[in-house]
Amino acid sequence: MKKLGFGCMRLPTLGENSKVDIPQFSSMVDEFLAHGFTYFDTSYVYHGGKSEDALRQALVERHPRGSFTITTKLPVFLLKERADTRRFFAEQLKRLGTDYVDYYWLHALNAASYENAVRLGVFEEVAQLKKEGKIRHLGFSFHDSAAVLDRILTEHPEMEYVQLQLNYFDWDSESVQSGACYEAAKRHHKPVIVMEPVKGGVLADVPQPIQALFRQKQPKLSDASWAIRFAASLDNVMMVLSGMSNLEQLEDNASYMEHFVPLDEEEKRILAEAVRIFDEQKAVDCTACGKCLPVCPEHIPIPDYFSMYNDHCRMNKNTNGMVYYAAFPQGTGKASACTLCGRCETVCPQKLPVARLMGEVRTSFEWSMV
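Structural notes, computed from the coordinates.

The complete set of buried residues in helix H6 (residues 122-131) reads Val-122, Phe-123, Glu-125, Val-126 and Leu-129. For H6, the angular spread of the buried residues around the axis is 165 degrees, confining them to a single face. Count one or two residues on from H6 and you reach Gly-133, which has phi positive near 85 degrees.

With the rule as written, the count across this model stands at 0 disulfides. Cys-289 provides the cysteine sulfur closest to Cys-292, a residue in no disulfide bond, and the two sulfurs are 6.3 Å apart. Given the relative accessible area of 11%, Cys-292 is considered buried. Of all cysteine sulfurs in the structure, the one in Cys-341 sits closest to Cys-296, which takes part in no disulfide; the separation is 6.4 Å.

Right, let's get into the pairing of strand E6 (residues 161-165). The buried count for E6 comes to 5 of 5 residues, which makes it a mostly enclosed element. Going residue by residue along E6, you find Tyr-161, Gln-163 and Gln-165 tucked away on one face and Val-162 and Leu-164 tucked away on the opposite face as well. Bridge count for strand E5 (residues 135-142) against E6 is 4 bridges, and the pairing is parallel. Bridging across to E6, Phe-140 finds its partner in Val-162. Following the chain from E5 across helix H7 (residues 146-155) to the adjacent parallel E6, one finds a crossover that is right-handed. In this structure, E6 lies alongside strand E7 (residues 192-195), joined through 4 bridges in parallel fashion. Bridge pairing in E7 links Leu-164 to Val-194.

For the rest of this paragraph, the subject is the pairing of E7. Every other side chain in a regular strand lies on the same face of the sheet, so the side chains alternate between the two faces. The alternating pattern of E7 places Val-192 and Val-194 on one face and Ile-193 and Met-195 on the opposite face, and all of these are buried. Across 3 bridges, the pairing between E7 and strand E8 (residues 237-242) is parallel. In the sheet register, Ile-193 faces E8, and the bridge partner there is Met-239.

In this section: the side chain of Ser-51. Secondary-structure assignment places Ser-51 in helix H3 (residues 51-60). Its relative accessible area of 0% is what places Ser-51 among the buried residues. If we ignore the near neighbours within four places in the chain, the residues touching Ser-51 are Cys-8, Leu-11, Thr-42, Ser-43 and Tyr-46.

Evaluation of the coordinates by the stated rule reveals 17 aromatic pairs. Pairing Phe-32 with Phe-40 gives two aromatic rings, centres 5.1 Å apart and planes at 65 degrees, and the pair type is edge-to-face. An aromatic cluster of three or more residues is present, and its members are Phe-6, Phe-25, Phe-32, Phe-37 and Phe-40. Positioned over the ring face of Tyr-100 is Arg-65, at 4.1 Å from the centre of the ring. Over the ring of Phe-88 we find Arg-87; its NZ or CZ atom is 4.6 Å from the centre of that ring.

Across the 10 residues of helix H10 (residues 223-232), 10 count as buried, placing the element largely inside the fold. All of the buried residues along H10 are Asp-223, Ala-224, Ser-225, Trp-226, Ala-227, Ile-228, Arg-229, Phe-230, Ala-231 and Ala-232. In this structure, the buried residues of H10 make contact with E7, helix H9 (208-217), E8, helix H11 (247-257) and helix H12 (265-279).

As a further point, take the sheet that holds E5. Taken together, 8 strands build a closed barrel; the order of strands is E1-E2-E3-E4-E5-E6-E7-E8 and the barrel is parallel. Strand after strand, the sheet turns through a mean of 30 degrees between neighbouring axes, direction not considered. Bridging between strand E1 (residues 4-7) and E8 involves 3 bridges; their strand directions are parallel. Bridge pairing in E8 places Gly-5 opposite Leu-241. Contacts from helix H4 (residues 84-96) reach strand E3 (69-74), strand E4 (101-109) and E5 within the one sheet, and its direction differs from that of E3 by about 145 degrees. Along the sheet, H10 contacts E7 and E8; its crossing angle with E8, the most-contacted strand, is approximately 160 degrees.

This part is about the packing of H10 against H12. One way to put it is that H10 packs onto H12 with a least axis distance of 11 Å and a crossing angle of 115 degrees. Crossing of H10 against H12: the hand is left-handed. Contact residues: Trp-226, Arg-229 and Phe-230 in H10; Glu-267, Ile-270 and Leu-271 in H12. The residue makeup of the contact of H10 with H12, split by class, is 4 nonpolar, no polar and 2 charged.

Moving on to the nonpolar core. One finds Phe-6, Phe-25, Phe-140, Phe-142 and Tyr-168 to be the most contacted residues of the largest nonpolar core, which totals 89 residues. With 7 residues, H10 is the largest single contributor of residues to this core. Residue contacts for Phe-140: discarding those within four places in its chain leaves Trp-105, Leu-106, Leu-109, Leu-149, Ile-152, Leu-153, Met-159, Tyr-161, Val-162 and Gln-163. Of all hydrophobic cores here, the second largest spans 21 residues; its members include Val-284, Ile-300, Met-308 and Phe-365.

Our focus in this paragraph is the environment of Phe-123. Along the chain, the position of Phe-123 falls in helix H6. Ignoring any residue separated from it by four or fewer positions in sequence, one finds Phe-123 in contact with Leu-106, Leu-109, Tyr-114, Ala-117, Val-118, His-156, Glu-158 and Met-159.

Considering all chains together, one arrives at 27 salt bridges under this definition. Residue Lys-130 is joined to Glu-160 by a salt bridge in which the shortest nitrogen-to-oxygen separation is 2.9 Å. Of this pair, Lys-130 sits in helix H6 while Glu-160 sits in the loop between H7 and E6, placing them 30 residues apart in sequence. Judged by its relative accessible area of 32%, Lys-130 falls in the partly exposed class. Look at Glu-160 and you get partly exposed, because its relative accessible area is 21%. As a salt-bridge pair, Lys-268 and Glu-265 come within 3.3 Å of each other at their nearest N and O atoms.

Conventions and cut-offs
Residues numbered from 1 in each chain as written. Predicted model: local features only at pLDDT ≥ 70, side-chain atom pairs only at ≥ 80, totals over all residues. Heavy atoms only, no water. Buried < 20%, exposed > 50% of the residue type's maximum accessible area, 1.4 Å probe, protein only. Helix = DSSP H or I, 4+ residues; strand = E, 2+ residues; numbered from the N terminus. Arc of directions from axis to C-beta. Disulfide = S-S within 2.5 Å. Pairing = 2+ DSSP bridges. Right-handed = clockwise from strand over helix to strand, strands pointing away. Contact = heavy atoms within 4.5 Å. Phe/Tyr/Trp six-rings, centres within 6.5 Å; stacked < 30°, edge-to-face > 60°. Lys NZ or Arg CZ within 6 Å of the ring centre and 35° of its normal. Axes fitted to C-alpha atoms, helices over the stretch in contact; angles between N-to-C directions. Left-handed = near helix turned anticlockwise from the far one by under 90°. Nonpolar A, V, L, I, M, F, W, Y, C, P; charged D, E, K, R; others polar. Core = buried A, V, L, I, M, F, W, Y, C linked by side-chain atoms within 4.5 Å. Salt bridge = Lys/Arg side-chain N within 4 Å of Asp/Glu carboxyl O.

The following block contains the structure:
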């Protein structure tokens with residue numbers, strides 16, 4: 001397979017996250033396949049639980065089953081009893097309109113969810129589903145330290161692949177540990193599938209000093225191309241996912257991934273300088289994965305607020321953030337509604353101090369609303 005995968009996490013929508021624009025998504029699917037790419041990645045929870053349905057309509061019902069690869073994920077964080085594994089899997093097959101899944105992941109394992117998975121016999125259940133031919137390959141997506149990853153792979157060598165958040169910005173991060181986790185997977189001889197190569201869009205629109213470095217070397221390549229090519233250049237990376245929202249993004253990705261050329265040494269040095277420049281700017285390292293949303297009792301749109309706050313900070317507080325914040329849809333809580341319950345922090349892959357950061361959002365955006 002070519003190394004670019006279609007991440008179905010940021011699909012085109014009709015105003016609301018749970019309303020996927022099926023005609024536009026279908027056109028993107030057709031174009032993706034036309035370029036020779038075949039790998040589609042979704043999950044039970046993406047787009048408010050509608051991503052798998054959308055993939056059935058845009059892909060499964062319109063193309064021969066053997067012409068593409070489907071990967072989806074078991075929401076380990078929602079499981080309460082052992083029978084839930086098969087119950088969720090059966091529902092996912094129905095949503096997808098298929099009788100098997102090419103790659104099945106345990107979604108977002110960390111130290112706590114791993115313990116829950118062991119307690120509920122998840123590893124045994126998915127292994128049996130594989131024996132029954134309903135799953136072709138098994139693995140897990142992961143958000144924790146390299147030490148925890150090493151433990152899981154040591155205790156469950158039957159896992160065939162690992163999906164990691166990996167990008168040049170987080171490579172040496174003490175919290176995300178992209179580089180250390182990559183090396184752990186490599187030691188266990190597990191191929192890596194990369195998620196968040198563009199860090200939730202942060203690396204698709206980099207500051208002007210970094211853009212100048214990029215354009216001097218590669219005048220025609222986008223900011224995002226540097227991030228995706230960084231991940232794809234690693235020898236133990238099997239696939240790099242890109243959450244594409246429109247045809248323009250898809251065409252951009254295809255332009256350099258259809259006939260992929262790894263980074264050269266000068267490009268690697270340029271990325272090291274880009275990281276240094278990024279480090280001089282302080283912003284919230286939120287990737288908008290949305291895992292905090294289902295657990296927030298006050299229905300606070302945390303990723304959206306962090307995105308506004310990041311722009312607010314990067315532009316020296318010279319944005320219309322207050323206007324957008326005040327106009328956010330009814331039914332969502334403001335930052336001041338945060339009760340400091342901490343549920344969001346237990347599921348945050350970036351280990352962000354969300355409650356404290358909500359206070360900064362409140363200070364930045366709500367003073368004008370008093």
